[in-house]
Structures are given as C-alpha cells and as structure tokens.
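Here is what each chain is made of, one letter per residue.
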Amino acid sequence: MKKIVVSVYNDISTDQRVQKICNSLIDFGFEVFVIGRKKPLKNLDVDLNFKTHKFNLLFKKGFLSYAEFNTRLFFKLLFIKKDILLANDLDTLLPNFIVSKLFNKKLVYDSHELFTEMPELSNRPFVKSIWTTIEKLIFPKLKNVYTVNSKIASIYTNKYKVNVRVIRNIAKKYKPQIINSDFIKRIKGNNKMLILQGGGINIDRGAEEAIEMMQYLENTILYIIGSGEIFELIKQQVIELKLQEKVIIIDRIPYLELMKYTQISDLGLSLDKNTNLNYILSLPNKVFDYIQAETPILTSNTKVVSKLITENNIGYVSKTHNPKELANIVNDIFKNNEKYNQWKKNLETVRETFNWENESKVLKKIYQNLK
C-alpha cells in the first residue's frame, strides 16, 4: 500500500477540503498521514480516519510562524516513510519540493487559492515578494497540480505553462436531518434566519456589513458560525450596535452540528468583496454547504460564485455591500414567495450534481495517473 504524506499549514481538524481529499485517498487504497499544526486556541478535535502529526508552534502567527513550520516540516519529511507527497498551498510547497527531489518521490500540489493575492499580503510587499519568488521558482517544475476552480487554474496554466486541473471545494452529499422542533424554536423562533458560516471569516468577506444590515431588518435573525481573523472584532461590533438579540456569533462547531443550523436557515450569505483577485475568483466551501442543505443563497457579485448562483437560479446576486440596501434585498427576497420557492425547487436538483461524490471521481483519475 503506497503511503501519501499530506502537509497543510492548518489544523487538520478544521480543514474540510483536506479531510475530504484524505478520506477519498483512503478509499482509493492509499495509506494517508497528515502533517499540520495545532491551533493555539479553540482547537476542535474530531475523529479522523488517518494518522496525523500536529506541530505545536512557538510562533503562532506571522512570517516567523511560517518559517518555523516549514523548517520543522522539512525535517519531518526527511525521516518519514513516504511514496507520494501532497503539499496543500504555497506555505507547505518548498520543503515538499526539496524532499521530493532528494528522494525522487512524486509530488502533488493542491493550491486552495491564489496565495500571493491574499489580502493579508497586500500591505506587506517584502513578505509577498518572498512567497512570489518561491512560487516562480517551483511552480514551472511541477507535474501534478490541481486547484479549486477553472478561473484560478487558467491563471496558473497561462503564467507557468503547467497543466492545472480542478478539484472544487464541493460538499459531500448531505442527508437532511430530522430537526427537533424545540431546537428550531430555540434557534430562530418565529423569525426568518440568515446564516454566514466558514473558517475564513476575514476582512473584506462581508461580515461587518451583514451585521450592520441587521439594524434595518425586523423579525429576522443572523447567525455567524465559524472562525477567522476578524471574529473577535465582529463580536465587539455586535455589542457596540446593541444587536445581541438579532446577531448570534458561534465559534466553530462540528460539521454535522453546523449543518443543522444551515438546514433551518432561510438564506445563506456569501458576501466576499471584489477587493483582491483571490476573493474575486473564490468559490468558498460554504456555498456548497448551502446547496447541500437546500438553503437559497444571497451572494455578492464575485465572478465565480455569482455565475454559479445565476446559472442554476438558486439565489440572488447583490451588487452592493451597503447595509441598508442589503436589508432591502433581504426583505424583497422574503416577500417574493414565487421566486424563493423556485430557488428551493432548483436546489433539490442542483445538490445532486454539486457534491463530493461526483468531484472525487476526478480526483481518483489524477492519482491513478501521477507523473
């Protein structure tokens, strides 16, 4: 049995994409071992089907954290048994590339995003230049690469003349749960319920505007569930705006528990801004979670998500982030029963197409034909 060593600068307990891919690799007949890091706070342990090793880093964030992780990852990869190396994102690629050359092992690269276009790097030109240099030196030499959507794949292919395939962040088929009426009453009462979920609720992803919007909505409640760089800031924002009765923020919870909230929601939010290429071309996990839960979607006009919503007629694309205008859009959505019911009906069909069971067939072909 061939052993795939997977590297991710994250806590595997909270990375849905890496978990799905690892479980599929096990189904394909591989042994999987994951190397990641242990988040310092609010670590969420879950039962996994594969062995892991998590670094407890001295430096918890910033460039020194990346440097420490990559150094420790390099030495771990040197001495562990491996047949195939899988690097997730640019922040794990360098040590994997070096080790793959030293031991003549096959390397797979999963690019979750346009890493060098992340908003966190926009005001840090020196750090951005380091990551850009690493990408330019290694990417043209890669043979087995996939990313999250065709737009990002095209950019990489044109830039580095490498065949980049697509494995989207699509959710597994979700069997709707029987939700206890007491749970529904406790969570939403007689209100309409909005949800914004995800592990990357960061700046420019619309959370602040979604909270401000709630000032102008009646008989409506917003749940924000997950984690991110601005999570503590938006908790304070809710207090400052005196919206504690209308906006409930919950730290990351297990997936099936989260999906209970998604399933009873009336509208799922995906409000990334067009402030950087990474968000413009993003296709977040939460969109497919909403689809699997048959929850209509209110999205911003980012290129990839808006196309998905429009082509499948499963929600509304907003061209504004103005909180008052967003509130008007939400009110209009809930007033138009005919359109809303059509979205719900379309979601029943769409969820049968956009699911991990279909997407993993593409993944299997990639690993059967490694170069």
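Procedures and definitions
Residues numbered from 1 in each chain as written. Predicted model: local features only at pLDDT ≥ 70, side-chain atom pairs only at ≥ 80, totals over all residues. Heavy atoms only, no water. Helix = DSSP H or I, 4+ residues; strand = E, 2+ residues; numbered from the N terminus. Rg over C-alpha atoms; globule rule 2.2 N^0.38 Å. Contact = heavy atoms within 4.5 Å. Pairing = 2+ DSSP bridges. Axes fitted to C-alpha atoms, helices over the stretch in contact; angles between N-to-C directions. Salt bridge = Lys/Arg side-chain N within 4 Å of Asp/Glu carboxyl O. Buried < 20%, exposed > 50% of the residue type's maximum accessible area, 1.4 Å probe, protein only. Patch = residues over 30% accessible without salt bridge, like charges linked within 9 Å, V, L, I, M, F, W, Y side chains within 5 Å. Areas by Shrake-Rupley, 256 points an atom, 1.4 Å probe, with all protein chains shown as cover. Lys, Arg positive; Asp, Glu negative; His and termini not counted. Charge placed at Lys NZ, Arg CZ, Asp CG, Glu CD. Polar contact = N/O pair within 3.5 Å; in protein donor to acceptor, adjacent residues only side chain to side chain.

So, on to the overall build of the protein. Secondary structure assignment for the protein yields 15 helices and 13 strands. Taking 371 residues into account, the globule formula puts the C-alpha radius of gyration at 21 Å, and the protein, at 21 Å, falls close to it. The dimensions of the protein, computed from C-alpha atoms along their principal axes, are 60 × 40 × 40 Å. Within the protein, contacts between residues separated by at least 24 positions form 68% of all contacts whose residues are at least 6 apart in sequence.

The six strands lie next to each other as β10-β9-β8-β11-β12-β13, forming an open sheet whose pairing is parallel. Looking at which strands have only one partner, the edges of the open sheet turn out to be β10 (247–251) and β13 (315–318). Within this sheet the neighbouring strands show an average axis-to-axis angle of 20°, counted without direction. For strand β9 (residues 220–226) and β10, the ladder comprises five bridges, and the chain directions are parallel.

It is worth spelling out the pattern of salt bridges at this point. Considering all chains together, one arrives at 16 salt bridges under this definition. Here Glu209 and Lys273 are joined by a salt bridge, their closest N and O atoms 2.5 Å apart. One end of the pair, Glu209, is in helix α7 (residues 207–213); the other, Lys273, is in the loop between β11 (267–270) and α10 (277–280), and 64 residues separate them in sequence. Exposure class is identical for Glu209 and Lys273. Each is buried. Arg351 serves as the salt-bridge partner of Glu352, at 3.4 Å between the closest nitrogen and oxygen. Within the structure, one salt-bridge network assembled from shared partners comprises Lys173, Glu294, Arg351 and Glu352.

Tracing the chain through its elements places Leu194 in strand β8 (residues 192–198). Note on Leu194: relative accessible area 0%, which makes it buried. Sequence separation between Leu194 and Ile138 is 56 residues, and the spatial gap between their C-alpha atoms is 43 Å. Beyond its immediate stretch of four places on either side in the chain, Leu194 contacts Met213, Met214, Leu217, Thr220, Ile221, Leu222, Tyr223, Leu267, Leu269, Val330 and Phe334.

With that settled, consider the sheet that holds strand β4 (residues 84–88). Taken in spatial order, the seven strands of this open sheet run β3-β2-β1-β4-β5-β6-β7, and their pairing is parallel. Sheet topology places β3 (51–55) and β7 (164–166) at the edges, where each strand pairs with a single neighbour. For this sheet, the mean inter-axis angle between neighbouring strands, taken without regard to orientation, is 20°. Pairing analysis gives four bridges linking strand β5 (residues 106–111) to strand β6 (residues 144–147), with the strands arranged parallel. What sits directly across from Tyr109, in β6, is Val145. Sheet strands touched by helix α5 (residues 150–160): β5, β6 and β7. Its angle to β7, the strand with the most contacts, is close to 175°.

Our next topic: a positive patch on the surface. A contiguous patch of positive charge, built from Lys101, Lys141, Lys143 and Lys371, is present on the exposed surface. Mapped onto the elements of the fold, Lys143 is located in the loop between α4 (125–138) and β6. According to the relative accessible area criterion, Lys143 is exposed, its value standing at 54%.

Moving on: the side chain of Asn169. Among the structural elements, Asn169 can be located in the loop between β7 and α6 (181–187). Here Asn169 falls in the buried class, since its relative accessible area comes to 10%. There is a polar contact of 2.7 Å between the side chain of Asn169 and the side chain of Arg17. Within polar-contact distance, the side chain of Asn169 engages the side chain of Asn285 at 3.5 Å.

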